[in-house]
Amino acid sequence: MPLSILQKWLAVASSRPHADTHPYLARAVGHTLANGLTGAIALRREGLPGRHQTSVSSRRAAFEMRHLNLVEATSRAAFGLTADNARSTLEGRLNTAVRYISPTLSAVLVAFSGGSVWTLAARLLRLRKTAGAIRAGNLTPPAPLKLQIETTDVCNLQCVHCRREKLEDMNTTTLGLSVFERIISDIEPLYVNLAGFGEPLIDREIVQKLIFLRNKGIRSSVPTNGTYIRNDKRDELAAELPDILQLSIDGATKESFEAIRKRGNFDAIVENYRKICAMRASGQTRPNTTIRVACALQRRNLFDYRAMYALVRSLDGVDSFGLVPVSHGAAQAAEIPDKHEVLALHRELGEAITVAESDDEKSFYKLWRSVSGEWLTDKIRACSDASIDQARCSIPWFSSYIDAKRRVYPCCYLTRTEHVMGTLRTDGSGFAEIWAGPRYRAFRSNHLSARSKLSGCRKCPRNDVSMLSTLAKLHWFLPRAKPSG
Ligand SMILES: C[S@@+](CC[C@H](N)C(=O)[O-])C[C@H]1O[C@@H](n2cnc3c(N)ncnc32)[C@H](O)[C@@H]1O
Ligand code: SF4
Ligand code: SF4
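Okay, so let's go over this structure. The structure presented is a predicted model; accordingly, all values stated were derived computationally and were not measured.

Here we take up the overall build of the protein chain. Looking only at helices and strands, one finds 21 helices and 13 strands in the protein chain. Expressed as a percentage of the 485 residues in the protein chain, the buried residues total 49%. Partitioning the contacts of the protein chain with sequence separation of at least 6, the portion at a separation of at least 24 is 75%.

Surrounding ligand 3, one finds Cys393, Ile395, Pro396, Pro410, Cys411, Tyr413, Leu414, Gly456, Cys457, Cys460 and Arg462. Looking at the shell around ligand 3 residue by residue, the class counts come to nine nonpolar, one polar and one charged.

Attention shifts here to the packing of helix α7 (residues 177–187) against helix α8 (residues 206–215). The description of two helices packed together rests on the angle between their axes and the distance between the axes. Viewed as axis vectors pointing N to C, α7 and α8 meet at an angle of 25°, and their least axial separation amounts to 10 Å. By the angle class used here, α7 and α8 are roughly parallel. Seen from above, α7 lies across α8 with right-handed handedness. Two secondary-structure elements touch here, α7 through Leu177, Phe180, Glu181 and Ile184 and α8 through Gln208, Lys209, Phe212 and Leu213. Of the residues contributing to the contact of α7 with α8, the split by class is five nonpolar, one polar and two charged.

This next bit is on the environment of Leu147. Relative to the helices and strands, Leu147 resides in strand β3 (residues 146–149). A C-alpha to C-alpha distance of 4.8 Å links Leu147 and Val192, two positions 45 residues apart in sequence.

Every buried residue belonging to helix α12 (residues 305–314) is among Tyr305, Met308, Tyr309, Leu311 and Val312, and all of these are buried. Projected down its long axis, α12 carries its buried residues within an arc of 165°, all on one side. For α12, the exposed residues lying more than 90 degrees away from the buried face are Ala310 and Ser314. Where the residues of α12 are buried, they touch β9 (290–297), β10 (320–325), α13 (339–355) and α14 (359–372).

Next up on the list: the pairing of strand β11 (residues 399–402). Within a regular strand, side chains alternate between the sheet's two faces. A two-sided burial pattern is seen for β11, the buried positions comprising Ser399 and Tyr401 on one face and Ser400 and Ile402 on the other. Here β3 runs beside β11; their pairing, made up of four bridges, is parallel. Looking across to β11, one finds that Lys146 is bridged to Ser399. Pairing between β11 and strand β12 (residues 407–409): two bridges, direction antiparallel. Bridging across to β12, Ile402 finds its partner in Val408. Linking β11 back to β12 in an antiparallel pair, the connection comprises four residues, with Arg406 at a positive phi of about 70°.

Time to look at the pairing of strand β7 (residues 244–248). Burial analysis of β7 places five of its five residues in the buried class, which makes it a mostly covered element. Both faces of β7 are covered, namely the face carrying Ile244, Gln246 and Ser248 and the face carrying Leu245 and Leu247. In terms of strand pairing, strand β6 (residues 219–224) meets β7 through four bridges, oriented parallel. Each residue of the ladder has a partner; that of Ser221, found in β7, is Ile244. Crossover handedness for the path β6 to helix α9 (residues 231–239) to β7: right-handed. By the bridge criterion, five bridges tie β7 to β9 in an arrangement that is parallel. Within the sheet, the bridge partner assigned to Leu245 lies in β9 and is Ile291.

Conventions and cut-offs
Residues numbered from 1 in each chain as written. Chains lettered and ligands numbered in written order. Predicted model: local features only at pLDDT ≥ 70, side-chain atom pairs only at ≥ 80, totals over all residues. Helix = DSSP H or I, 4+ residues; strand = E, 2+ residues; numbered from the N terminus. Buried ≥ 20, exposed ≤ 12 C-beta atoms within 10 Å, placed from the backbone. Contact = placed C-beta atoms within 7 Å. Near = placed C-beta within 6 Å. Nonpolar A, V, L, I, M, F, W, Y, C, P; charged D, E, K, R; others polar. Axes fitted to C-alpha atoms, helices over the stretch in contact; angles between N-to-C directions. Parallel < 35°, antiparallel > 145°, perpendicular 65-115°, else oblique. Left-handed = near helix turned anticlockwise from the far one by under 90°. Arc of directions from axis to C-beta. Pairing = 2+ DSSP bridges. Right-handed = clockwise from strand over helix to strand, strands pointing away.

Structure, rendered in structure tokens:
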């Protein structure tokens, strides 16, 4: 069974609240659809409250991080419901059978199915159709499996690396609950990332939106700048924690943090993080959820590796840490370190790795080195148009981005560019027409034939060639979708 495909494409577990069924894996697998290209390190928890142990990985990625401990997860997860559950007859048998074949596969299926065979079957069918459409380059694929929704474009901070600072007409709109519900009900995605160029926790209805998603068995993630995880909001959020809560910390000292996250108060935000993490560690947050810390690496926090390690380790209740280099195009050029700075960092890191006191610490510094090393190679800039045209991205076939003003874009990188695919009606309806409409079809067609000519896509590092070659091996399983003109 092609696990790599499951990891890439089936990684959207239902979040039905059956707390004990798949404690680790549902979280772990849930990461994958969300993720592009990042370095990440997972802090594996051995019970709550518990000690962290380092595991995993350093992989390239953009914007979000990944960690996936399938092998570890298999010892804790089973397909279907737990043995003492009354509904376990059919599912229990399947559980036993699949676990017999492969415990890892069983764990993946649990995360994907939410513990129900029927949900699993429906989702596998949908996945199969989408995979077929991607492989065939069908210009009108089935409705997207993943959505990114900017629930608000209002933000209280002015981060120096954020593209928001270059965008006009911000701080104006928050998507109402009924509009949000209409969008979700029309599309029925499997995974929703409530993220854009605003601060999601400013949205007063964010918790209602999370409840709506959970009731529909849709996985969710929310990044936050942490300012509003306080008072009643903290308790509300804890009770309805998204499947993935991402805490942004772009600076591990007061000096670097406040230089980057302008208007942010380092002490207050870290205290907010500490409290929600402590609630998590003592079991006061919704079960089967993940908390991760994310840092956008840039000039002003380049040398924060020691302080960041200490800070992340001090937050009991955190599952993983992700590091992403701020990218050309998105951030101000001044925020990107030059080669000399990166080389100086690497000399320091070499020393730090040698004297690190634990494997955890060593892995953390290696991650820092590998992510910052991307600025030394800058492969994308060096690419020819021909090679970019061959580097296909399948995002427009399975995912979509909707901003707070109801505009639809293929992905968040393209927000406020000419690649607007349409605008939803004021009640949130109309997605299906846009998804199948001439603009989206033309965009997909251009993607197939001349990605290098699409502004934004040319510089984007996303490359799904290996995933496509895996899909090619599955041609016998996938439906035949004809490329449509
Ligand atoms: C755009 S913000 C939106 C959510 C929330 N306001 C926050 O700051 O977490 C989501 C994440 O994107 C990161 N980010 C913003 N601009 C970036 C850039 N140019 N390159 C990489 N990451 C960036 C932020 O640091 C943050 O962790
Ligand atoms: S990174 Fe987040 S907090 Fe900072 S300006 Fe952008 S949206 Fe606001
Ligand atoms: S290649 Fe284009 S559509 Fe794909 S992720 Fe990059 S910017 Fe978005």
